[in-house]
Amino acid sequence: MRTAYSVETVRAAERELMARLPEGALMQRAAAGLAAVCTRLLTRRRGRVYGARVVLLAGPGDNGGDALYAGARLARRGAGVTAVPMDPQRLHPGGLAALLAAGGRLAQEVPRRADLVVDGLLGIGGRGGLRPAAAALAGQIPPGVPVVAVDLPSGVDADTGEVAGPAVRADVTVTFGAYKPGLLVDPGASLAGAVHLVDIGLELPPAQTQALQHADVAALLPAPTATSDKYRRGVVGILAGSRQYPGAAVLAVAGALRGGAGAVRYVGPAAEAVLARYPETLIGPGRVQAWVAGPGLGEGRAGEVADLLAQDVPVLVDADGLRGLDPELLRTRSAPTLLTPHAGEAAALLEVPRESVEAGRLSAAAALARRYGATVLLKGSTTLIASGGGPVRVNPTGTAWLATAGSGDVLSGLAGSLLAAGLSGPDAGAVAAYLHGLAARHAAGSAPGTPILAHEVAEALPKAWHEVHSR
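Residues numbered from 1 in each chain as written. Predicted model: local features only at pLDDT ≥ 70, side-chain atom pairs only at ≥ 80, totals over all residues. Heavy atoms only, no water.

## What to know about the packing of helix H2 (residues 25-46) against helix H3 (residues 62-76)
Two packed helices can be described by the angle between their axes and the distance between those axes.
So, step 1. For the pair H2 and H3, interaxial distance at closest approach is 8 Å and the crossing angle is 55°. In terms of their interaxial angle, H2 and H3 are classed as oblique. Where H2 crosses over H3, the handedness of that crossing is right-handed. Between H2, through Met27, Gln28, Ala30, Ala31, Ala32, Leu34, Ala35, Cys38 and Thr39, and H3, the contact on the second element is made entirely by Asp62, Gly65, Asp66, Ala67, Tyr69, Ala70, Arg73 and Leu74.
So, step 2. Looking at the contact of H2 with H3 residue by residue, the classes come out as 11 nonpolar, three polar and three charged. (Axes fitted to C-alpha atoms, helices over the stretch in contact; angles between N-to-C directions. Helix = DSSP H or I, 4+ residues; strand = E, 2+ residues; numbered from the N terminus. Parallel < 35°, antiparallel > 145°, perpendicular 65-115°, else oblique. Left-handed = near helix turned anticlockwise from the far one by under 90°. Contact = heavy atoms within 4.5 Å. Nonpolar A, V, L, I, M, F, W, Y, C, P; charged D, E, K, R; others polar.)

In structure tokens, the structure reads:
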């Protein structure tokens, strides 16, 4: 499992470690890790470090010091290293001395020709995007030159991933001690490139943010035993679709059937379309272990959703089912509730502009979970799963091709099936998002992939399930 920690937590751990180490030892560990990643990149790009042109964008803080010390290591291996300071009067003195002693030099402008640029402008405490001096330097980065960010791309909020102004777009980010939430959550994650974690010996408490990996998902997936029957495996009910949107019902049922439940029960006006595609489906009211309510319902059916929420079983609410939800009703439920909005629906539930949700996805997901007393799966370029207690989970799988009509209906059915099988709201949401993203990659093919249809994502779920168990 990949875990991420707030700036405050990381800094507390750094202070505790520095108190036990010789002065400057922690920065040397970070610089050594940064230089090692830069060495690998230069070797892959040009065959060797010797003769490479490396540019350091050096800010006044510890990130600038990390960059300068790493630059000194590269210079000792024969690279031509140029440091361009954001403020020449505030460079890290020890790092500057080490760089100059190794043969590096200072410049006032970014050279036009470079093999690698190291972004050491701002540290993890930076807020509000790049200030004019830093933005001016970042704007001089030569097009097409790989950029390595120190700890995180300058201009990204480490705690939230928010980007409130100009920011550096990195090809690689070398982060120290622990991942930061801003490296996992968009829009910051989209600026980080490939992220490399350098272990510097921090002792950290339980994480505030998590990203599941294959082994974590495999451990949570339900599996039938020799004594299982369809009811023991779980029956998920689907309230979805309308005369206008029968396909939503078909796709939700598709996701549920591929989600491991023993049976899927459908109620709604699209029964004919559902049976034509999936004759395994049970039609009409009956016993269920969880409900999925909302995909393609259309208007005027809030009462049906409220009736399901009155039952003492887990309920997933999506799409049209999210309209007019009563926070008090959800907070008083004893059974789990899982809400699966996209940014626009989340904005309506929070009564804020959509732009504020997209810019601050982490805070929006947490605010929704608090307001409605539910687990929230906020869909988007970074899908987040937040609940009232415990860490926020960040989904690392998926592809941009998932932005297609009906893919959310498949996800709802899949997550509802996992709820019926006995997973908690946070686990069902996180596992469903993970499998859904993997299935989309299989459906799209190799990078950059091809356009996909929602039903192809459902059909690829067995491949995703197999992949998780085979590693």
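Having seen the model, we can carry on.
## A closer look at the nonpolar core
Within soluble globular proteins, side chains that are nonpolar generally end up buried alongside one another.
So, step 1. Leu34, Val118, Leu325 and Leu339 are the most contacted members of the largest nonpolar core, which totals 96 residues.
So, step 2. Here the element with the most residues in this core is H2; it accounts for 10 residues.
So, step 3. Core analysis: the next-biggest nonpolar cluster, separate from the first, contains 56 residues, Leu251, Ala254, Ala415 and Ala440 among them. (Core = buried A, V, L, I, M, F, W, Y, C linked by side-chain atoms within 4.5 Å. Buried < 20%, exposed > 50% of the residue type's maximum accessible area, 1.4 Å probe, protein only.)

## Let's talk about the side chain of Asp427
So, step 1. Secondary-structure assignment places Asp427 in helix H17 (residues 425-444).
So, step 2. Those residues in contact with Asp427 that lie beyond four places of it in its chain are Leu220 and Arg393.

## Brief notes about the layout of surface pockets
So, step 1. Reported here for the second largest pocket is a volume of approximately 660 Å³.
So, step 2. What lines the second largest pocket is a set of 30 residues, and nearest its centre among them are Glu14, Met27, Asp62, Asn63 and Asp66.
So, step 3. Elements represented by at least two residues in the lining of the second largest pocket include exactly helix H1 (7-18), H2 and H3.
So, step 4. When the residues that make up the lining of the second largest pocket are grouped by side-chain class, the tally is 15 nonpolar, seven polar and eight charged. (1 Å grid on protein atoms, 1.4 Å probe; cavity = no way out; pocket = protein on both sides within 12 Å on 5 of 7 lines; lining within 4 Å. Points joined across faces, edges and corners; volume = space filled by probe spheres on them.)

## Focus: the pattern of salt bridges
One side chain can pair with another of opposite charge once the charged atoms of both are near each other.
So, step 1. Taken as a whole, this structure holds 16 salt bridges when the rule is applied.
So, step 2. Measuring nitrogen to oxygen at the nearest pair gives 2.9 Å for the salt bridge that ties Asp151 to Lys180. Of this pair, Asp151 sits in the loop between strand E6 (147-150) and strand E7 (172-176) while Lys180 sits in the loop between E7 and helix H6 (188-192), and the two are 29 residues apart along the sequence. With respect to burial, Asp151 and Lys180 carry one shared label: buried.
So, step 3. The shortest N-O distance in the salt bridge between Arg277 and Glu459 comes to 3.5 Å. In this pair, Arg277 is assigned in helix H10 (residues 271-277) and Glu459 in helix H18 (residues 454-459), connecting sequence segments 182 residues apart.
So, step 4. For Glu459, a relative accessible area of 40% corresponds to the partly exposed category.
So, step 5. When salt bridges with common partners are traced through the structure, they connect Glu16, Arg20 and Glu203 into a single cluster. (Salt bridge = Lys/Arg side-chain N within 4 Å of Asp/Glu carboxyl O.)

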